[in-house]
Amino acid sequence: MKPFLVRCRLIFFLFVLTSASIVFRTVMAEEPIPRINRYIELMESGKPAFGIFSSNVSSRTGASVSSSGLDFVIIDLEHSPYDVTRLEAYLLGMLNKAEIAKNGLKTRTVPFVRVPAAGREQLQFVIKQVLDLGAMGLVVPHVDTAEEARAMVQASRFPQLKEAPDYEPAGKRGIGYGWAARYWGLSGSEYARRADLWPHDSQGELVLWIMIETADAVTNCRAIAETPGIGGLFIGPSDLAFSLGVPLNDPAVDEAIDQVVAVAKETGVPLGTLCSGKDVPKRLSQGFRFLAVGSDGGLSGSVQEAVKTGRSWKASD
Ligand code: 3PY
Ligand code: MG
C-alpha cells in the first residue's frame, strides 16, 4: 500500500477512536448524579421531615436557618411581602461553601417557597420567578379542585420531550433557568433534566405541596391527591377552620383533617401540616410525614431558658 494511503487510514482510525472516546465520555457524564434534594431522600426512606416557616426574608435568616439542621424551610411569601429580590438574597444566604466542600451539592435544609398566588388564581409567572431563583419546593395555598392542582403542576414543569412517558400534565414553565442551574450547582442541561416534579418523575428534584385549607379542598381532596405531579398535601388548619365557619378547636376541623389523612393513606401522597412540639407524636401517629414545627420569629428555647434562669437568680444562689 502507498505510504499516503497508509497515513490516511491511520488518520481515519485515530479520528474514529477519538470520536468514540468523546461519545463514551459524554454518555458517562450523563450518568445520574446523586440526589440533591434531601427531603426527597427522607420521603423515599420512610423518615419524617421537620421544618419551620420563615418570613424574615433576608440573607442572614437564610444563613442561620440553613445551619439549623432542619430538613426544610418554607419561605413564606404568602403572608409576607412578595419580594423576589429578598427571596434571592435569602436563597443565596443559605449557601455555605464549607458545607458544600464537605457534603457536595445535597441540600441539608431544603428551601420551599410558599407563593402568594392561590391555586384558584393560577398565576404562572409567580411560580416561574420563584423556581428560576433556585427554590427546590413549592407550597401553593388555597387549591380547591383537581383542575387547579393540575394547573399548578403544569406551571412548575418544563415541557418534556414528546416521547417522554411522563409528558402529561404538559409543562408550561418558560425556559430561562441559567440562574437556577448555577444555584443548584448543575449545568443548564442537567438542571433542565432534573428540575421536574417528584415523584411523577422519579429522578425529579422539585417538590410541589398543595395546601388543603378549604371545605371545597377537603371535598375534592382525593382528586387533588391523584393529580400526577403532586408531591405532598399540606393541611392549613387556620384557613380550614375559617372556611368551615368554626373555631380552630371545633371537632369539625378534626373531622375534616381525618378525611384528608384517610385520602393521604390510600393514595400514598405524603401529608404535612404545622403543629406545636406537643402535637408532634399525635401527628406522626396519624401518618403525617412532614411537619412545620415553628417559625423564625421569637426567641429560641435556649434564649428563653437563659432569660428564665437570669430572672429567677438571687445573689444567695
Ligand atoms: C393555615 O393554617 O391556614 C396555614 O396556612 C398555615 O400556615
Ligand atoms: Mg392558610
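Below or above, wherever it landed, is the structure these notes cover. Residue positions are given per chain, counting from 1 as you read along its sequence in written order. For naming, the first written chain is A and the first written ligand is 1, with later ones following in the order written. It should be noted that, the model being predicted, local features are given only for residues of pLDDT at least 70 and side-chain atom pairs only at 80 or more, the latter also being counted only at that level, while totals for whole chains, interfaces and linings use all residues.

### Quick notes on the site of ligand 1
What counts is decided by this rule: Here, nearness is defined through the C-beta atom: a residue counts as near a molecule or strand if that backbone-placed atom lies within 6 Å of it. Put simply, DSSP H or I for four residues or longer makes a helix, DSSP E for two residues or longer makes a strand, and each gets a number counted from the N terminus. Polarity classes work like this: nonpolar for Ala, Val, Leu, Ile, Met, Phe, Trp, Tyr, Cys and Pro, charged for Asp, Glu, Lys and Arg, and polar for all others, with Gly in that last group.
All residues in the neighbourhood of ligand 1 are listed as Glu213, Gly236, Pro237, Ser238, Asp239 and Leu274. For the shell around ligand 1, the leading source of residues is helix 12 (residues 237-244), giving three residues. When its residues are assigned to classes, the shell around ligand 1 shows two nonpolar, two polar and two charged.

### A few points about the sheet that holds strand 7 (residues 271-274)
Keep this limit in mind: Two strands qualify as a pair provided that DSSP identifies no fewer than 2 bridges between them. The axes are straight lines fitted to the C-alpha atoms, using for helices just the contacting stretch, and the angles between their N-to-C directions are given from 0 to 180°. Contact criterion: two residues are in contact if their C-beta atoms, reconstructed from the backbone, are within 7 Å.
Taken together, eight strands build a closed barrel; the order of strands is 1-2-3-4-5-6-7-8 and the barrel is parallel. Neighbour-to-neighbour, the strand axes of the sheet open up by a mean angle of 25 degrees, direction not taken into account. Where strand 1 (residues 49-54) lies against strand 2 (residues 72-76), four bridges are found, and the strand directions are parallel. If you follow Phe53 over to strand 2, its bridge partner there is Ile74. Sheet contacts for helix 7 (residues 146-156): strand 4 (137-140) and strand 5 (207-212); angle to strand 5, the most-contacted strand, approximately 155 degrees.

### Side note on helix 13 (residues 251-267)
Think of an α-helix as 3.6 residues a turn; residues three or four steps apart then line up on the same face. Put simply, the test is: For a helix, the expected span equals 1.5 Å multiplied by the residue count minus one. Any residue whose C-beta has 12 or fewer other C-beta atoms within 10 Å is treated as exposed, any with 20 or more as buried, and any in between as partly exposed, C-beta atoms being built from the backbone. By arc we mean the arc of the directions from the helix axis to the C-beta atoms, nothing more.
With 17 residues, helix 13 ought to run about 24 Å at 1.5 Å a step, and its terminal C-alpha atoms sit 25 Å apart, in line with that. Burial in helix 13 covers these residues: Ala256, Ile257, Val260, Val261, Val263 and Ala264. Mapping the buried residues of helix 13 onto a view down its axis gives an arc of 165 degrees, with all of them on the same face. Residues of helix 13 that are exposed and point more than 90 degrees away from the buried face comprise Pro251, Asp254, Glu255, Asp258, Lys265 and Glu266. Looking one or two places after helix 13, you find Gly268, whose phi comes out positive at around 75 degrees.

### Observations concerning unusual backbone geometry
A cis amide bond links Glu168 with the next residue in sequence, Pro169, at an omega value of -10 degrees. As for its placement among the helices and strands, Pro169 is situated in the loop between helix 7 and helix 8 (178-184). Going from Trp198 to Pro199, the amide bond is cis rather than trans, its omega being 0 degrees. Tracing the sequence through the fold places Pro199 in the loop between helix 9 (188-194) and strand 5. Positive phi is not limited to glycine here, since His142 has a value of about 50 degrees. Here His142 lies in the loop between strand 4 and helix 7.

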